Amino acid sequence: MHSKILILDFGSQVTQLIARRVRDAGVFSEVYPYDIGDDFIRSYGAAGIILSGGPNSVIEGDTPRAPQAVFEAGVPVLGICYGMQTMAAQLGGKVENGKIREFGYAEVRARGHTALLNGINDFVTQEGHGMLKVWMSHGDKVIDMPPGFKLMASTDNCPVAGMADEERKFYAVQFHPEVTHTVQGEAILGRFVHEICGCKSDWNMPDYISEAVEKIRAQVGSDEVILGLSGGVDSSVAAALIHRAIGDQLTCVFVDHGLLRLDEGKMVMDMFGKNLGVKVLHIDATDQFMGHLAGVTDPEQKRKIIGREFVEVFQREAGKLSKAKWLAQGTIYPDVIESAGKGKKGHTIKSHHNVGGLPETLNLKLLEPLRELFKDEVRKLGVALGLPHEMVYRHPFPGPGLGVRILGEVKKEYADLLRRADAIFIEELRKTVDEEGKSWYDKTSQAFAVFLPVKSVGVMGDGRTYEYVVALRAVQTLDFMTAHWAHLPHDLLGRVSNRIINEVRGLNRVVYDISGKPPATIEWE
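Residues numbered from 1 in each chain as written. Predicted model: local features only at pLDDT ≥ 70, side-chain atom pairs only at ≥ 80, totals over all residues. Heavy atoms only, no water.

- Under an unreviewed UniProt entry, the name given to the protein chain is GMP synthase [glutamine-hydrolyzing], and the source organism is Paucimonas lemoignei.
- UniProt lists a comment for the protein chain under the heading Pathway (unreviewed entry), and it reads "Purine metabolism; GMP biosynthesis; GMP from XMP (L-Gln route): step 1/1." (UniProt positions renumbered as here; feature names shortened; annotations may be inferred.)

Written out as structure tokens, the structure reads:
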């Protein structure tokens, strides 16, 4: 049984990062809404609890509070940002609206030599004070600590930037240790989960395989399973894991919706059908998807249509497999968190076609073996299962495929142009290496082409052209919550542009997207 950390989400955009950092430390963790309830807290069996940040103000009326059971469970608690403020307010301290807000880089003086921060610093001042380079994001601040707490950290603008009640093992920091901008964040969270909560480093993917296989066998028994194979990392790893568990009881349905990357269908059939010996049905549903997408321009509507048609295809194929009792999906943990929203006050950022929404008429139970894993864990699991490294570490590809990389209406003509342009871009990124021998594909986190439904005038030879535009997008990021546009070499961009315009008739202009996230998103839709 793994030791585990419970994370209560108060609505921060970076709550997932807390869970990822804890898991990176080899400790299992899960995120639940802050309003999950006292009974759940008491029965969960957490070795420690972390209260996340959030956008609300503790000093306003009906704003989120931690369940009282958090402070009565007898386990260590770490409050982060809003989590610190609600801890202070609930335990008898005082919070007020700060006259000076702190957003971004800050230097925090570590005080009090608590178990959480003792010996952790980025530099020491001439006066001998240990200092931390951190990331702040708050307006309110704690002005009076609750009884039993002592000062743990401070800044000039925030006298109480950290506090601790070491008798009860309650700790709180105003800064965000989960983001990479906080240099010692990994060390701080590692200290909390290992030394303060007493958790072992018993969470890793090679060891997880046997655990997951046993769980799948127990869940499925002798039933047959149908899995929607998309060619993406998540469904591919799910297929390999389930096949490891139940062999021929698994049938994969590979749906070609006409929105895949170039030659992806052949690659999927070769890898799973020939190399792994998995039963795979190849369904060409291009006409079905394109027919339903005709005339639709809204991105969210396109996502819903594609998701609906996937389910329809599964339902049709499942009807032919009379022994199939389970529908397997490559749902991963961020999908679950996003689609659940952020507690009662939350908003769903965008819908995911593989979370919920299954019609009762499908008559299949849901099998989601990756449901508790983050993307980086899924990749490690894939490698441990023997899938090719270059396949497992491919850049993310959206569930709706090229449907959300074609702006506006989706047409087969547009998809054909885009997949060829995209393939050229990826090929050149793989071929171009830096002075250390690393390819630009590996140096970027996500790279792709986007079809723009506008035409521009060009000239080829002595003739005038009036053809479509494609945009190239390449970003570098550690966590996909924020991203920088990749500073690709100009000669690389030149080669890509030259090849696309010469080799893809119908495109006569190539542009490069130099927007960061925020304010832009990584995908265009």
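A few points about the overall build of the protein chain
- Looking only at helices and strands, the protein chain has 15 helices and 19 strands in total.
- Principal-axis analysis of the C-alpha atoms gives the protein chain an extent of 75 × 65 × 45 Å.
- A total of 525 residues make up the protein chain; the buried ones form 56% of that total.
- A sequence separation of at least 24 residues applies to 75% of the contacts in the protein chain between residues at least 6 apart.
- If you sum the accessible surface of the protein chain, you get close to 22,700 Å²; carbon and sulfur atoms cover 50% of it.
- Both charge centroids of the protein chain, one from 60 positive and one from 68 negative side chains, sit 2 Å from each other. (Helix = DSSP H or I, 4+ residues; strand = E, 2+ residues; numbered from the N terminus. Buried < 20%, exposed > 50% of the residue type's maximum accessible area, 1.4 Å probe, protein only. Contact = heavy atoms within 4.5 Å. Areas by Shrake-Rupley, 256 points an atom, 1.4 Å probe, with all protein chains shown as cover. Lys, Arg positive; Asp, Glu negative; His and termini not counted. Charge placed at Lys NZ, Arg CZ, Asp CG, Glu CD.)

Looking at the pattern of salt bridges
- Enumeration over the complete set of coordinates arrives at 30 salt bridges.
- The closest approach of N and O atoms between Arg217 and Glu214, which form a salt bridge, is 3.3 Å. In this pair, Arg217 and Glu214 are both assigned in helix α5 (residues 205-220), three residues apart and thus about one turn of the helix distant.
- For Glu214, a relative accessible area of 47% translates into the label partly exposed.
- Between Glu428 and Arg495 there is a salt bridge, with the nearest N and O atoms lying 3.3 Å from each other. In this pair, Glu428 is assigned in helix α13 (residues 412-431) and Arg495 in helix α15 (residues 490-503), connecting sequence segments 67 residues apart.
- We classify Glu428 as buried; its relative accessible area is 4%.
- Connected via shared salt-bridge partners are Glu427, Glu428, Lys431, Asp491, Arg495, Arg499 and Glu503. (Salt bridge = Lys/Arg side-chain N within 4 Å of Asp/Glu carboxyl O.)

Observations regarding unusual backbone geometry
- Of the consecutive residues Lys517 and Pro518, the connecting peptide bond is found in the cis state with omega at -15°.
- In this fold, Pro518 is placed in the segment after β19 (507-512).
- Here the residue pair Pro518 and Pro519 is connected by a cis peptide bond, since its omega of 10° sits within 30 degrees of zero.
- Locating Pro519 in the fold gives a position in the segment after β19.
- The phi angle at Cys81 is positive, at roughly 55°, despite the residue not being glycine.
- Secondary-structure assignment places Cys81 in the loop between β4 (77-80) and α3 (82-90).
- Judged by its relative accessible area of 4%, Cys81 falls in the buried class.

As for the packing of helix α8 (residues 286-293) against helix α9 (residues 299-320)
- Two elements in contact, α8 and α9, have axes separated by 10 Å at closest approach and are oriented at 145°. As α8 packs across α9, the resulting crossing turns out to be right-handed. Residues Gln288, Phe289, His292 and Leu293 of α8 form the contact with α9, whose own contacting residues are Lys302, Ile305, Ile306, Arg308, Glu309, Phe310, Glu312, Val313 and Arg316.
- Considering only residue class, the contact of α8 with α9 consists of six nonpolar, two polar and five charged. (Axes fitted to C-alpha atoms, helices over the stretch in contact; angles between N-to-C directions. Left-handed = near helix turned anticlockwise from the far one by under 90°. Nonpolar A, V, L, I, M, F, W, Y, C, P; charged D, E, K, R; others polar.)

Structural notes on the packing of aromatic side chains
- Taken as a whole, this structure holds 14 aromatic pairs when the rule is applied.
- A ring pair is formed by Phe10 and Tyr34, whose centres lie 5.3 Å apart and whose planes are at 15°; its orientation type is stacked. Placement of Phe10 in the loop between β1 (4-9) and α1 (15-24) and of Tyr34 in the loop between β2 (28-33) and α2 (38-44) is noted, with a sequence separation of 24 residues between them. Like Phe10, the residue Tyr34 is buried in the burial classification.
- A centroid spacing of 4.6 Å and a plane angle of 50° characterise the contact between Tyr32 and Phe40, whose relative ring orientation is tilted.
- Taking the relative accessible area as the measure of exposure, Tyr32 reaches 23% and is therefore partly exposed.
- Given a relative accessible area of 22%, Phe40 falls into the partly exposed group.
- The ring of Trp440 has Lys443 sitting right over it, with the charged end atom 4.1 Å from the ring centre. (Phe/Tyr/Trp six-rings, centres within 6.5 Å; stacked < 30°, edge-to-face > 60°. Lys NZ or Arg CZ within 6 Å of the ring centre and 35° of its normal.)

Let's talk about the UniProt feature "active site" (unreviewed entry) in the protein chain
- In this numbering, the UniProt entry assigns the feature "active site" (unreviewed entry) to Cys81, His176 and Glu178. Maximum C-alpha separation among the annotated residues is 11.1 Å over a sequence range of 98 residues, consistent with a single clustered spot.
- Every residue in contact with Cys81, bar those within four places of it in the chain, is listed here: Gly53, Ser137, His138, Val173, Gln174, Phe175 and His176.
- Mapping Glu178 onto the fold places it in the loop between β10 (170-173) and α4 (185-196).
- Residues contacting Glu178, with those up to four places away along its chain left out, are Val14, Leu17, Ile18, Arg21, Ile80 and Leu189.

Some thoughts on the pairing of strand β17 (residues 463-476)
- Burial of β17 is extensive: ten of the 14 residues sit out of reach of the surface.
- Sheet topology places strand β16 (residues 446-460) next to β17; 13 bridges connect them, and they run antiparallel. By the bridge assignment, Gln446 is partnered in β17 with Val475.
- Alignment of β17 against β19, held across five bridges, turns out to be parallel. Along β19, the bridge assignment pairs Val470 with Val510.
- Bridge analysis of β17 against strand β18 (residues 484-485) gives two bridges, and the strand direction is antiparallel. Following the sheet pairing, Gln476 is matched in β18 by His484. (Pairing = 2+ DSSP bridges.)

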